[in-house]
Amino acid sequence: MIRVVLPQHLRTLARVRGEVTLDVAGLVTIESVLDALENRYPMLQGTIRAHTTKRRRPFIRFFACEQDLSYEPSNTPLPEAVMTGAEPLLIVGAMAGG
Amino acid sequence: MSSIRLLIGTRKGAFIITSDGRRKQWAVDGPHFGGWELYHLKGSPVDPDRIYASQTSSWFGQVIQRSDDGGKTWNPPGTQPEDLMGPDGMPKGESNMFLYDGSTETGQPLTTHQHYDGSQRPWEFKRVWHLEPSLTDPDTVYAGVEDAAIFKSTDGGKKWKELAGLRSAKGPLWQPGAGGMCLHTILLNTGQPDRMFVAISAAGSFRSDDAGQTWRPTNKGLMSKYELPDPDAEVGHCVHCIAMHPSRPHVLFMQKHWDVLRSDDAGDSWHEISGDLPSDFGFPIAVHAHEPNTVYVVPIKSDSEHYPPEGKLRVYRSTVGENEWEALTKGLPQQDCYVNILRDAMAVDQLDPCSIYFGTTGGQVYGSSNGGDSWVPIMRDLPAVLSVEVQTLG
C-alpha cells in the first residue's frame, strides 16, 4: 500500500481528506504511483503532470524520505520506505509568496 | 417574481450572489473553489441551472467545473460515479484536456505564432479565459483559451475539440499582449446560428459564417498606431472586448486597447466612436438590454496605468452608440480610486428596467438599476474580480 499526500487544493478537487492510499502493481515509481492516483481520481489528470507528455508541471514537487525526487526520471524506483508504506510520497505545490 | 443571479469570478474563488427582482438585497454564496483563479463562469441560456466555470492555477493548471443545480454543487464533467456506468466505461478525466488539433485529417497541423521577441513559437495551452454556452443546447459550450484558440464541447464539457480553422486566419502573425495571447470574447447569435465572432489579444476580431469551421479577420478600420508597425494591419490588433445586442447582430461595439469602435456590417468595417471620452483605453464594453444603441465603457488612463483617469471611477454611457458620451458617477468613488475593471467584468441583466453590473480589481461589485444614472456597491472587499456574469431567472 502506497501512501500519498496531496496538496490541499488537490485534496479538495479529489474530495479526499488526509492521505490517499493506493495499490500499485509492479515497480513502484513516481510514474506508476501517478498512474494509479489518476485512475482512482480522474479529476486530477492534468493537474500534476501534462496530459500527453506526462511531464511534471513546473510548480509541482515530489518529496519523500527528506529527499527531493522532482528531478529524478519518472521511472526511478521510489525509496524502500515508500514502497513499504512506512513513508508517504509527498506531492507538493512549490512555495509561493510575495 | 423574477430573480437575479450574479456569477463572480475572482483571483481566489467564485462567488454567487442572488437577489429578487428588486435587486436591493443580495445573498452571498462562496467562495467556491477557494484559492483558485476563476477566470469565468457562465450559465446556459437554455438551462440556467447549468453553469460552466473555468478554474485555473499556476500550480495545478486548468480545471473545468460544471454545476447542474444553479451553482449549489459542482463537479468536473465526466468524473462522477455515474460516469463509471456509462457506455464509455471508466471516466477519462478529459474535461480539462485542451489539445490543439495537429491532425492531418483536418488539414490543420499545429502551427506557430509570433512571440514577444519576434520568434515563432508553437501554440501552448495555458488556461481558459472565457466559456460561452450554446444558445440552444445546454450540452454544447465553447471555450476561448490562451494561447488563442477556440474549443467546443458537445457533451457538457467532458471532452473538448479545437475549431482549428481559426488559426488559419493568419495565426503566424498573432502575438501575445502583456496579459498573454488569449481568446477572450465569443459572441453567438440566435438569428444566424452559423455565425460566430471571437476576439483575441493581440490578433483582432474574427468571424465565422459556417459554425466555426472557417474564419476570417474582421479588422478593417482598426488603427493601432503605437502598437503595430503597420497601423491598419489585417491582424495583430489588441481587441479587448466586443459586445452585441441580440436584436441587431450586425451591429457590434468594440473596446480596443486604445479606441472604442462600432461596426454596422457584422465586422466587415469599423469606425471609431471614442468621441469625448476622457480616455479611450479600457477593457469591458456592454450594451443596454432594451436600448440597442446604449453602450457602456469604463475608461482607464492608459495601458501602463491601469486605473481610472484622475482617480475617479466613471462609467461612460453613449445613448446613440456613437461619439457622444456622458459620465456616470453617482455612487462611484470620485477621488483616490485606482482600481481596474477587466474585460469580462461587466454584465447587464434582462429585467426592465435592466441593471448594469461591474466588478473591480479592488474587489468591489457595483450595480445600477436605473441604466447607470446611479450605482450602489453590492459587494466590497472580494479578491480581485476577474469576471461578472448575470442570469435573469423566472
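Residues numbered from 1 in each chain as written. Chains lettered and ligands numbered in written order. Predicted model: local features only at pLDDT ≥ 70, side-chain atom pairs only at ≥ 80, totals over all residues. Heavy atoms only, no water.

**Re the overall build of chain A**
Link 1 in the chain: Along its length, chain A carries three helices and five strands.
Link 2 in the chain: Helices (α) and strands (β) of chain A occur, in sequence order from the N terminus, as β-α-β-α-β-β-α-β.
Link 3 in the chain: A globule of 98 residues ought to have a C-alpha radius of gyration of about 13 Å, and chain A, at 12 Å, matches this closely.
Link 4 in the chain: Its C-alpha atoms give chain A principal-axis dimensions of about 35 × 30 × 25 Å.
Link 5 in the chain: For chain A, long-range pairs separated by at least 24 residues make up 51% of all intrachain contacts whose partners lie at least 6 apart in sequence. (Helix = DSSP H or I, 4+ residues; strand = E, 2+ residues; numbered from the N terminus. Rg over C-alpha atoms; globule rule 2.2 N^0.38 Å. Contact = heavy atoms within 4.5 Å.)

**Quick notes on the pattern of salt bridges**
Close approach of charged atoms allows side chains with opposite charge to pair.
All names here are of chain B.
Link 1 in the chain: In the structure shown here, the tally under the stated rule is 29 salt bridges over all chains.
Link 2 in the chain: Linking Asp-139 and Arg-50 is a salt bridge whose minimum nitrogen-to-oxygen distance equals 2.4 Å. Of this pair, Asp-139 sits in the loop between β9 (127–133) and β10 (141–146) while Arg-50 sits in the loop between β4 (37–43) and β5 (51–57), and the two are 89 residues apart along the sequence.
Link 3 in the chain: Using a relative accessible area of 29% as the deciding quantity, one classes Asp-139 as partly exposed.
Link 4 in the chain: Here Lys-159 makes a salt bridge to Asp-155, at a shortest N to O gap of 3.1 Å.
Link 5 in the chain: If you follow the salt bridges from partner to partner, you end up with Arg-195, Arg-207, Asp-209, Arg-216 and Asp-268 in one network. (Salt bridge = Lys/Arg side-chain N within 4 Å of Asp/Glu carboxyl O. Buried < 20%, exposed > 50% of the residue type's maximum accessible area, 1.4 Å probe, protein only.)

**A closer look at the nonpolar core**
Link 1 in the chain: In terms of nonpolar packing, the biggest core is built from 40 residues, with A:Leu6, A:Val33, A:Leu37, A:Ile48, A:Phe62 and A:Ile91 touching the most fellow members.
Link 2 in the chain: For this core, the element with the highest residue contribution is helix α2 (residues 30–40) of chain A, accounting for five residues.
Link 3 in the chain: Discounting chain neighbours no more than four positions away, the residues touching A:Ile48 are A:Leu6, A:Leu10, A:Leu34, A:Leu37, A:Arg55, A:Arg56, A:Arg57, A:Ile60, A:Phe62 and A:Ile91.
Link 4 in the chain: Listed in part, the 34 residues of the second largest apolar core include B:Ala289, B:Val315, B:Val339 and B:Ala347. (Core = buried A, V, L, I, M, F, W, Y, C linked by side-chain atoms within 4.5 Å.)

**Structural notes on the interface of chain A and chain B**
Link 1 in the chain: Counting residues at the interface gives 19 residues for chain A and 21 residues for chain B.
Link 2 in the chain: Carbon and sulfur atoms make up 61% of the area that chain A and chain B hide from each other, which totals about 1,700 Å².
Link 3 in the chain: Counting across the interface, chain A meets chain B through zero salt bridges.
Link 4 in the chain: In this assembly, chain A and chain B are joined by eight residue pairs in polar contact (both at pLDDT 80 or more).
Link 5 in the chain: Broken down by element, the side of chain A that touches chain B gets its largest block of residues, three residues, from helix α1 (residues 8–14) of chain A.
Link 6 in the chain: When grouped by side-chain class, the residues that make up the side of chain A that touches chain B number nine nonpolar, eight polar and two charged. (Buried area = accessible area lost by both parts, 1.4 Å probe. Polar contact = N/O pair within 3.5 Å; in protein donor to acceptor, adjacent residues only side chain to side chain. Nonpolar A, V, L, I, M, F, W, Y, C, P; charged D, E, K, R; others polar.)

**Considering the sheet that holds strand β6 (residues 61–67) of chain B**
Strand pairing in a sheet takes place through backbone hydrogen bonds and is either antiparallel or parallel in direction.
Residue and element names in this part refer to chain B.
Link 1 in the chain: With antiparallel pairing, three strands are arranged side by side in an open sheet as β4-β5-β6. Strands with a single pairing partner mark the edges of an open sheet, and in this sheet they are β4 and β6. Taken over all neighbouring pairs, the strand axes of this sheet differ in orientation by 15 degrees on average, direction set aside.
Link 2 in the chain: Summarising the sheet, β5 and β6 pair through seven bridges and their orientation is antiparallel. Bridge pairing in β6 places Tyr-52 opposite Arg-66. (Pairing = 2+ DSSP bridges. Axes fitted to C-alpha atoms, helices over the stretch in contact; angles between N-to-C directions.)

**What about the packing of aromatic side chains?**
Residue and element names in this part refer to chain B.
Link 1 in the chain: Summed over the entire model, instances satisfying the criterion amount to 16 aromatic pairs over all chains.
Link 2 in the chain: Judged by centre distance (5.1 Å) and plane angle (75 degrees), the ring pair of Tyr-39 and Trp-129 falls under edge-to-face. With a gap of 90 residues between them, Tyr-39 in strand β4 and Trp-129 in strand β9 connect regions that are remote in the sequence. Here Tyr-39 matches Trp-129 in class, with each residue buried.
Link 3 in the chain: Judged by centre distance (5.3 Å) and plane angle (50 degrees), the ring pair of Trp-174 and Phe-206 falls under tilted. Taken as a pair, Trp-174 in the loop between β12 (161–162) and β13 (182–187) and Phe-206 in strand β15 (residues 204–208) lie far apart in primary sequence, 32 residues in all. With respect to class, Trp-174 is no different from Phe-206; both count as buried.
Link 4 in the chain: Taken together, Phe-98, Tyr-100, Phe-125, Phe-151 and Trp-160 form an aromatic cluster joined through their ring pairs. (Phe/Tyr/Trp six-rings, centres within 6.5 Å; stacked < 30°, edge-to-face > 60°.)

**A short note on the sheet that holds strand β24 (residues 326–328) of chain B**
Residues and elements named next belong to chain B.
Link 1 in the chain: Sheet architecture is open: four strands sit in the order β21-β22-β23-β24, paired in antiparallel fashion. Where the open sheet ends on each side, the last strands, each with one partner, are β21 (285–287) and β24. The average angle at which neighbouring strand axes cross in this sheet is 30 degrees, direction not considered.
Link 2 in the chain: In this sheet, strand β23 (residues 315–318) lies alongside strand β22 (residues 295–297) in antiparallel orientation, the contact comprising three bridges. Looking at β23, one finds that Val-295 is bridged to Ser-318.

**Describing the side chain of A:Thr29**
Link 1 in the chain: Its location among the elements puts A:Thr29 in the loop between β2 (20–22) and α2.
Link 2 in the chain: Residue contacts for A:Thr29: discarding those within four places in its chain leaves A:Ser74, A:Asn75, A:Thr76, A:Pro77 and A:Leu78.

**With respect to the pairing of strand β27 (residues 365–368) of chain B**
Residue and element names in this part refer to chain B.
Link 1 in the chain: Side chains Val-365 and Gly-367 of β27 all project onto a buried face; the interleaved residues Tyr-366 and Ser-368 project onto the opposite face, where all are buried too.
Link 2 in the chain: Alignment of strand β26 (residues 356–359) against β27, held across four bridges, turns out to be antiparallel. Residue pairing for β27: Ile-356 is matched across the bridge by Ser-368.
Link 3 in the chain: What sits between the antiparallel neighbours β26 and β27 is a turn of five residues, in which Gly-363 has the positive phi angle 90 degrees.
Link 4 in the chain: Judged from the three bridges that link them, β27 and strand β28 (residues 376–379) form a sheet pairing that is antiparallel. Directly across from Gly-367, in β28, lies its bridge partner Val-376.

**Points about the confidence of the model for chain B**
Link 1 in the chain: Scored by pLDDT, chain B has a mean of 94; 96% of the residues are at 70 or more.
Link 2 in the chain: Two numbers describe this predicted complex: its pTM, 0.95, and its ipTM, 0.90. (pLDDT = per-residue confidence, 0-100.)

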